[in-house]
Amino acid sequence: MSKAGEAEIGANSPHETHDHTAGAEKRVFIKTYGCQMNVYDSERMGALLAPLGYAATSQPEDADLVILNTCHIREKAAEKVYSELGRLKNIKASRAQTGKQTQIAVAGCVAQAEGPEIHARAPVVDIVVGPQAYHRLPEMIARAARQRGAVLETDFDVNEKFDALPKARTGDGPTAFLTIQEGCDKFCTFCVVPYTRGAEVSRHVDAITAEARMLVASGVREITLLGQNVNAWTSAPPAGEHAEAWGLGELCRHLAKIDGLERIRFTTSHPRDMDEGLIAALGDEPKLMPYLHLPVQAGSDKILKAMNRDHTAEHYIRLIERIRAARPDIALSGDFIVGFPGETDADFEDTMALVREVSYASAFSFKYSRRPGTPGAAMRAQVAEDIKTDRLARLQTLLEAQKQAFNRSLIGKTLPILIERAGRNEGQIAGRSPYLQSVHMDGPARLIGGIAQATIRDVTPNALTGVLVDALHEKGTA
Ligand code: 5AD
Ligand code: SF4
């Protein structure tokens with residue numbers, strides 16, 4: 001309790017700035033790397049800093065405070081942060097010449113994983129703040145202004161963070177993310193998440209519902225529920241109800257009752273936690289979109305075991321069959337790793353065979369990246385880089401062909417499109433299909449924020465093009 005209280009300047013009094021910066025407009029530049037949860041967290045950090053007088057800027061040169069919200073999942077993602085810090089060092093120095101101070105904060109999973117090493121490697125950093133300590137940012141900024149050396153906060157207590165962050169939420173457009181669960185207890189042997197994000201923690205259904213209602217009141221029509229292991233979410237039922245603990249299926253049905261909320265999505269799910277309740281909800285709750293990101297990582301049982309995935313290829317394929325039986329049009333998405341230690345050509349062919357059997361609408365695939373501190377990093381039989389490169393190219397060719405085939409299968413179909421924004425050219429609008437594809441079409445800007453029916457006419461490499469059904473009627477070509 002007392003710790004949470006330290007951050008209450010930002011949390012409870014959004015219109016009072018007790019801080020000495022009151023009135024003096026400051027600017028914060030937040031750069032986000034990695035997953036959607038970081039996007040959500042960056043937005044929350046922005047909301048926390050606004051009452052302290054920080055307005056957002058897209059130019060680091062103008063920023064009094066720069067926050068890099070980082071990702072540690074693969075080596076490349078982590079290294080990008082250090083090259084960005086090199087650039088920021090120059091910006092900080094040139095601002096100092098004109099008498100302006102710049103505070104630099106590293107947030108997110110690199111902060112959690114590397115802690116004090118960050119300051120040692122990049123002394124330009126003033127603040128290192130792990131994902132569970134964002135609510136302490138205001139206090140850390142003040143402390144960093146007073147002391148030399150980096151201020152470090154990487155404590156784990158997710159619920160303290162959620163309790164202390166500002167409650168008010170407005171959406172920025174018709175779609176929004178909402179974090180319902182953080183952390184992971186699965187300990188896949190390649191993955192840093194259980195170390196950087198900590199143990200699985202679920203938010204209570206009442207807190208989630210309140211946040212969802214606020215988003216909908218501000219114009220949000222689609223909410224994507226986020227969690228590292230989102231389908232491991234569980235909570236006591238809403239206050240006053242005496243049911244057993246709820247799972248994600250019940251939560252989705254509950255949120256679906258909110259008037260004005262049209263679409264619900266969730267990500268990322270683990271095959272082990274796909275329970276009957278959630279599969280049934282996918283089948284009969286119309287607000288749940290027919291799209292499921294369900295990573296399998298590999299198709300060889302030997303590799304799945306070495307990855308500690310706790311399921312076989314067969315288990316995954318049967319699960320997909322059950323999901324498709326409940327929701328035949330579901331679009332599937334997955335994550336894949338090639339070149340995990342010990343992966344032979346035959347193991348890789350098992351991955352290719354699984355992909356052919358399942359057929360994905362979209363997918364993310366990566367070369368295995370050796371992460372310090374994970375069991376995989378210490379395994380012998382690491383796979384050579386050129387073999388990883390070849391395997392990734394073959395896998396991506398197959399996945400891309402499946403994606404294009406799925407996109408083309410929609411030509412001629414009429415789909416509800418949530419119109420999110422103006423298109424690139426005058427008179428164009430863009431939105432998303434139920435299957436999460438971008439759809440571009442001619443149409444008036446007044447449709448932004450609502451759902452419009454469009455007939456799909458063509459595909460481009462990364463999107464669909466459509467024609468509004470009303471426009472078709474107007475032209476008499478329907
Ligand atoms: N190397 C390569 N890919 C990884 N992922 C997680 N850890 C690693 C790693 N060490 C991938 C997994 C996961 C996705 C978010 O990132 O496929 O599902
Ligand atoms: Fe990482 Fe595995 Fe947890 Fe996903 S389930 S976050 S891959 S440890």
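Participant: Mind laying out the confidence of the model for the protein chain, listing which residues take part and the relevant values?
Facilitator: Low pLDDT marks stretches whose predicted atomic positions should not be read closely. With 93% of its residues at a pLDDT of at least 70, the protein chain reaches an overall mean of 91. Counting interchain partners and residues more than four positions distant, the pLDDT-below-50 stretch residues 1-23 has 27 contacts.

Participant: I'd like a rundown of the sheet that holds strand β14 (residues 362-367), residues and numbers included.
Facilitator: The strand order across the open sheet built from three strands is β12-β13-β14, with neighbouring strands paired in parallel fashion. Strands at the two margins of the open sheet, each flanked by one partner only, are β12 (291-293) and β14. Between one strand axis and the next, the sheet turns by 10° as a mean value, whatever way the strands run. Judged from the three bridges that link them, β12 and strand β13 (residues 331-338) form a sheet pairing that is parallel.

Participant: Could you give an account of the side chain of Q297, naming the residues involved and the relevant values?
Facilitator: Locating Q297 in the fold gives a position in the loop between β12 and α13 (301-306). Aside from chain neighbours lying at most four places away, what touches Q297 is F190, M307, R309, D335, F336 and I337.

Participant: Summarise the site of ligand 2; cite the residues concerned and give the values.
Facilitator: All residues adjacent to ligand 2 are C184, K186, F187, C188, F190, C191, V193, P194, N229, H270 and R309. Taken together, the residues of the shell around ligand 2 sort by class into seven nonpolar, two polar and two charged.

Participant: Break down the site of ligand 1 for me, citing the residues and quoting the values.
Facilitator: Residues in close proximity to ligand 1 include I73, R74, F190, Q297, D335, I337, F366, K367, Y368, S369 and R371, which together make up its full environment. R74 is positioned with one of its side-chain polar atoms (N or O) 2.7 Å from an oxygen atom of ligand 1. S369 is positioned with one of its backbone polar atoms (N or O) 2.8 Å from a nitrogen atom of ligand 1. In isolation ligand 1 has 410 Å² of accessible area, and contact with the protein removes 87% of it. Of the residues assigned to the shell around ligand 1, the class counts are five nonpolar, two polar and four charged.

Participant: Quick one: what's the story with the packing of aromatic side chains, residue by residue and with numbers?
Facilitator: A full pass over the atoms with the stated rule returns five aromatic pairs. Centre to centre, the rings of F336 and Y360 are 5.2 Å apart; their planes meet at 90°, and the pair counts as edge-to-face. With F336 in strand β13 and Y360 in the loop between α15 (345-358) and β14, the pair connects residues that are 24 residues apart, well separated along the chain. For the residue pair F336 and Y360, the accessibility class agrees, reading buried in each case. Between F406 and Y435, the aromatic rings sit 5.6 Å apart at their centres with planes inclined by 90°, giving edge-to-face as the arrangement. Placement of F406 in helix α16 (residues 385-408) and of Y435 in the loop between β16 (428-432) and β17 (438-442) is noted, with a sequence separation of 29 residues between them. Note on Y435: relative accessible area 11%, which makes it buried. One aromatic cluster is present, formed by F190, F340 and Y368 through successive ring pairs.

Participant: An account of the domain arrangement of the protein chain is needed here, citing residue identities and associated values.
Facilitator: The domain architecture assigned to the protein chain consists of domain 1 (6-156), domain 2 (161-408) and domain 3 (414-475). With centres defined by C-alpha atoms, the gap from domain 2 to domain 3 works out at 27 Å. Contacts between the two partners involve 18 residues from domain 2 and, on the opposite side, 18 residues from domain 3. Both faces combined, the contact of domain 2 with domain 3 buries some 1400 Å², and carbon together with sulfur accounts for 59% of it. For domain 2, the biggest contributors to the area lost against domain 3 are P174, R263 and N407; these three give 38% of the whole. Scanning the region where domain 2 abuts domain 3 turns up zero salt bridges. Linking domain 2 with domain 3 are eight residue pairs in polar contact (both at pLDDT 80 or more), by the criterion used here. Secondary structure elements with two or more residues in the side of domain 2 that touches domain 3: β11 (263-267) and α16. Looking at the side of domain 2 that touches domain 3, the element that brings in the most residues is α16, giving six residues. For the side of domain 2 that touches domain 3, the class distribution of residues is six nonpolar, three polar and nine charged.

Participant: Tell me about the pairing of β16, and please be specific about residues and values.
Facilitator: Judged from the four bridges that link them, strand β15 (residues 414-422) and β16 form a sheet pairing that is antiparallel. Bridge pairing in β16 links I419 to G431. Judged from the five bridges that link them, β16 and β17 form a sheet pairing that is antiparallel. Across the sheet, the residue bridging to A430 is H440, located in β17. Hairpin connection, β16 to β17: the antiparallel pair is bridged by five residues, and L436 has positive phi, about 70°.

Participant: Quick rundown of the sheet that holds strand β3 (residues 65-70)? Include the residues and the values.
Facilitator: Pairing is parallel in the open sheet, where six strands are placed in the order β2-β1-β3-β4-β5-β6. Sheet topology places β2 (54-56) and β6 (151-153) at the edges, where each strand pairs with a single neighbour. Along the sheet, successive strands turn relative to each other by an average axial angle of 20°, direction set aside. Relative to strand β5 (residues 127-129), strand β4 (residues 103-107) runs parallel, the two being bridged by three bridges. For A107, the partnering residue across the bridge sits in β5 and is V129. Where helix α3 (residues 36-49) meets the sheet, it contacts β1 (26-32), β2, β3 and β4, and its direction lies at approximately 155° from that of β3. Contacting β2, β3, β4, β5 and β6, helix α7 (residues 137-146) runs over the sheet at an angle of about 155° to β5.

Thresholds applied
Residues numbered from 1 in each chain as written. Chains lettered and ligands numbered in written order. Predicted model: local features only at pLDDT ≥ 70, side-chain atom pairs only at ≥ 80, totals over all residues. Heavy atoms only, no water. pLDDT = per-residue confidence, 0-100. Contact = heavy atoms within 4.5 Å. Pairing = 2+ DSSP bridges. Helix = DSSP H or I, 4+ residues; strand = E, 2+ residues; numbered from the N terminus. Axes fitted to C-alpha atoms, helices over the stretch in contact; angles between N-to-C directions. Near = heavy atom within 4 Å. Nonpolar A, V, L, I, M, F, W, Y, C, P; charged D, E, K, R; others polar. Polar contact = N/O pair within 3.5 Å; in protein donor to acceptor, adjacent residues only side chain to side chain. Areas by Shrake-Rupley, 256 points an atom, 1.4 Å probe, with all protein chains shown as cover. Phe/Tyr/Trp six-rings, centres within 6.5 Å; stacked < 30°, edge-to-face > 60°. Buried < 20%, exposed > 50% of the residue type's maximum accessible area, 1.4 Å probe, protein only. Domains from an automatic or database assignment. Buried area = accessible area lost by both parts, 1.4 Å probe. Salt bridge = Lys/Arg side-chain N within 4 Å of Asp/Glu carboxyl O.

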